[in-house]
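Structural overview for review
Spelled out from the first residue to the last, the chains are:
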Amino acid sequence: MRRFQVYRHFPITLILLLVFLFQVIPSIDSDLSLIRDRYNILVSTEKNGQGSIIRDDNHLGSIINKMKNISGDYTYMYLDTSDENGTMNYYRLRYALVPAKSLKYQYYGYQPFDEELYTRLIQQFEVDYLIVHRDNGFLEYLGEPYRNQENAVFRITNKSTGELRSRVELVN
Amino acid sequence: MINLFLYVLVISFIGLPLVVLLFNKKNYVSLISLSFPIGSVIITLYCWFLSVLKIEYSFNRIFIPLIIISSFLTIYLIINKLIRKSSEPIGHKIEDPKNWKYWCAVIGVCGVVLVKYLTILLHSISTKVYQPDEYSQWAFQAKLIFLGNGLESFYGGQGFETGFETYPSFIPLLAASFYSFCGEILDSFVRVIGPVFLFCLVVFIYSEMKQYLKNIIINWVVIGIFLTSGFVVFEMSSGLYADIEYTFFYTVSAVFLIKYLMNNDKKKEMMLSALFITLAAWVKVDGQYLALIHIGIICSSFLYNGVLLKRLKELMFFSIISLTIPFLWGLYTAVRDFPDSRWSINPVIEYSFPMLSASIQQIMNTTNWGLFWIVVFSMIILNLYIGINKQQFYLLALMIANVLFLYFSYIVMFGEEAKTAASFARYILRIAPISMLYVSTIINTATKEISNENIGGNSCV
C-alpha cells in the first residue's frame, strides 16, 4: 500500500507525458533546426548589422528605396489589387515610409481605378505621389510606355482638375 | 545585442524596488518573474506622464530619472534589510521518489521546455515585425512615438490612423522606450518583449503551481503542454502583440483574487489583485471589463457569505484601485480628443450559434492549441466526478466568466466577425495560465482521493 501511495501520481503523469510527447515529437526536429538557423542569423547580425534580419517586405524593396530618396514632407496614395495582400502591403509600406503621410481613405487604393474619384482624392488630400505596386487599372489607363510597369512611383505635377494622364510623371 | 540584454536588465532594475516593497515576503523566484513586468509598467506610465506634461521623450528624460530613483530605493531597501529571503520555503517537499530515473525525467521535460522557449525567443528576435497587428498597430504606433518623441504623434490623421488610438498604449510605449534606449529603430530586437513576458509568466505560474501540487514533473509537463501547444502561444509570445503581457497581469491578478477569496483576512492580496487588474487594463482595453468580472465574483462571494454590507468598504476600495488606470486613460483620451475607436456597439444575436460552433472548432483545432484545452476539459469532467472544492470553484468561475464575456463582446461589438468568432483562439490565451493552476489543483485532489481509497480512508467522491 505504501508503494501505491508513493506512485499515486504515476497514471496521471503518464497520461500528461503522452500528451506532451504528442505535441513535442512532430516539431522537435524543426525547433532544433530553427534554433541553429536563427542563432547563425543573430551572429551574422552582430557582425554585419540588421541586414541579416529576416523581413517580409522584400517585394516592396524597390518602391521603398525610391521613396526614401525623396526628401521633405509628402503625401502618397498606394495602389494595389483589392485582395488581402493589397491591405497588408499598404501596412508594410506605411510602416517603412513613416513619417511620410498617406491617403486617409486608403481603401480606394485597392479598388479598380476611377479617374474622377482619384482626381477628387488628389485634390482633397493634396497627394504628391501615386505608388503602384500592382496595377488596379491605373497603368492600363496611362497606356504605353507605363503599361505593365509595376512597382512604379508617379509624381503628381499638378493637383488641379483636368486629365490625370497629363499630370503625372514617372519617378526613376 | 548588448543593448537588448542591457534594456531587459535596466527595466528589471527599475521594477525591482517596487516588487520588493509589494512582495517582501515572496521568494526570489517570484521577484525575478515580476521585476521586468513591473518595470515595464513604471516606464510606460512615466512616458504617459511625460506626455501629459507635453515633455518630449529622450533617453535622458526617460531612463536617467528612473534609474536614479530605483538606485536610491534599492539602497534604502538594502539598508533597511527589506530584501530578505522569503519566509516561505522556495521549494515544497517532493513526495515522489527522488531516484535517478525521476531526475532524468525531470531534466528531460525541462530540457524540451527550454528548447521550445529558445525557439520562441530566437524566432522572435531574428525577424523584423511582420504580423498584421504589428504592422498596422503596435509596431507602427511605437515607430511614430519614437520618431515624434511623444505619445500623441500617431493620431494626427493623414494616413496614421490605426483605429486603436484610444487603446491603452502600454505596448507601443514600451517598444518606443526600447528604441529610445538603443537610439535607433531595431524592429526585430524589440520583439524580445514577448518572450521576456512569457518567461516571467512561466516562472510565476510554476511558483504558484508548486503551492497547489507538490510534484515537479507534473507541473513542468503541464507547463510544457502549454508552451508546445501550437500556433497561438508561439505567435503571441514571439511577436509584438499585447496578449501575452495582458495574460501575465491578468493571471497575477486572478491568483491574488483567489488567495483573497480563500482567506478573507488577506487585505494585501485584495490590493495586489486590484493593482494587477488595473495594470492588465493598461495593456488591453478588455482589462477594465475583466475588472468588472473580478468585482462581480467578489460581490457574489460576499453575498453568499452574507457579509456584503459589512464589507462594502473593501469592495469599493477594490473597485477604485482596479478601475484607476482605465478611468484616467479614458479621461486623458477624451480631454486630448483622441479619434474614436473602430469598435462600436452593434448587437447581432442571430450569430450566436455560428459563433459558438466556430469558437469550439478553433480551440479544438490542434494546430492552434494542440491538446491543451482537451486536457483542461477532461480535468473539468474529472473535477465534476470527484467534487469541486472552493478553490476550484473560484478558478472555474473565473474561466467561465471570461468565456461568457468573450461571447457577449462578440455578439455586442464584433458585427460580422462574430459569425466566425474571429481570433477566439487568441483571446482564450488569457485564461490558459489559470487553467494550468486549475489542472494542478484537480490532480492534487484526485491523487489524494486515490490514495485515501487505497489506504482505506473515507473518500469524499
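A closer look at the overall build of chain B
Broken down by element type, chain B carries 20 helices and 0 strands. For a compact globule of 461 residues, the expected C-alpha radius of gyration is about 23 Å, and chain B comes in at 22 Å, within 12% of that figure. Oriented by its inertia axes, the alpha-carbon framework of chain B measures out at about 75 × 60 × 50 Å. The buried share of chain B, taken over its 461 residues, is 61%. Counted over contacts in chain B with a minimum sequence separation of 6, partners at least 24 positions apart contribute 80%.

Quick look at the pattern of salt bridges
Tallying each qualifying case throughout the model produces 19 salt bridges over all chains. The partner of Asp128(A) in a salt bridge is Lys159(A), with the nearest N and O atoms 2.8 Å apart. Residue Asp128(A) is located in the loop between helix H5 (115-125) and strand E3 (129-132), and its partner Lys159(A) is located in the loop between strand E4 (152-156) and strand E5 (168-171); the two are separated by 31 residues in the primary sequence. Since its relative accessible area comes to 31%, Lys159(A) is described here as partly exposed. Through salt bridges that share partners, Asp133(B), Asp243(B), Lys284(B) and Arg426(B) make up one connected network.

A short note on the packing of helix H2 (residues 28-52) of chain B against helix H10 (residues 243-262) of chain B
Residues and elements named next belong to chain B. Following both chains from N to C, one finds H2 and H10 inclined at 115 degrees, their axes separated by 11 Å at the closest point. The two elements H2 and H10 cross, and the hand of that crossing is left-handed. Together, Ser33, Leu34, Pro37 and Val41 of H2 and Phe248, Phe249 and Val252 of H10 make up the contact between the two elements. The class makeup of the residues in the contact of H2 with H10 is 6 nonpolar, 1 polar and no charged.

Some remarks on the domain arrangement of chain B
All names here are of chain B. As assigned here, chain B comprises domain 1 (1-84 + 128-182) and domain 2 (251-283 + 286-340). For domain 1 and domain 2, the distance between their C-alpha centres works out to 23 Å. With 24 residues of domain 1 at the interface, the matching set in domain 2 holds 23 residues. With both sides pooled, the region where domain 1 packs onto domain 2 buries about 2,100 Å², and carbon together with sulfur makes up 69% of that total. At the boundary of domain 1 with domain 2, the tally comes to 1 salt bridge. Between domain 1 and domain 2 we count 7 residue pairs in polar contact (both at pLDDT 80 or more) in total. Of all the secondary-structure elements, those providing two or more residues to the side of domain 1 that touches domain 2 are H2 and helix H6 (170-182). The leading source of residues in the side of domain 1 that touches domain 2 is H2, at 8 residues. By residue class, the composition of the side of domain 1 that touches domain 2 is 14 nonpolar, 6 polar and 4 charged.

Some points on the pairing of strand E1 (residues 75-79) of chain A
Residues and elements named next belong to chain A. Most of E1 is tucked away: 5 of the 5 residues are buried. Note: E1 against strand E2 (residues 101-102), 2 bridges, orientation parallel. When the bridges of E2 are listed, Tyr76 appears paired with Ser102. Here 4 bridges tie E1 to E3, and the two strands are oriented parallel to one another. What sits directly across from Met77, in E3, is Leu130.

Side note on a nonpolar patch on the surface
A grouping of Phe10(A), Leu14(A), Leu18(A), Leu21(A) and Ile25(A) is seen on the molecular surface, where their side chains present a nonpolar patch of about 490 Å² in accessible area. Note that Ile25(A) resides in helix H2 (residues 10-48).

About the criteria used
Residues numbered from 1 in each chain as written. Chains lettered and ligands numbered in written order. Predicted model: local features only at pLDDT ≥ 70, side-chain atom pairs only at ≥ 80, totals over all residues. Heavy atoms only, no water. Helix = DSSP H or I, 4+ residues; strand = E, 2+ residues; numbered from the N terminus. Rg over C-alpha atoms; globule rule 2.2 N^0.38 Å. Buried < 20%, exposed > 50% of the residue type's maximum accessible area, 1.4 Å probe, protein only. Contact = heavy atoms within 4.5 Å. Salt bridge = Lys/Arg side-chain N within 4 Å of Asp/Glu carboxyl O. Axes fitted to C-alpha atoms, helices over the stretch in contact; angles between N-to-C directions. Left-handed = near helix turned anticlockwise from the far one by under 90°. Nonpolar A, V, L, I, M, F, W, Y, C, P; charged D, E, K, R; others polar. Domains from an automatic or database assignment. Buried area = accessible area lost by both parts, 1.4 Å probe. Polar contact = N/O pair within 3.5 Å; in protein donor to acceptor, adjacent residues only side chain to side chain. Pairing = 2+ DSSP bridges. Patch = residues over 30% accessible without salt bridge, like charges linked within 9 Å, V, L, I, M, F, W, Y side chains within 5 Å. Areas by Shrake-Rupley, 256 points an atom, 1.4 Å probe, with all protein chains shown as cover.

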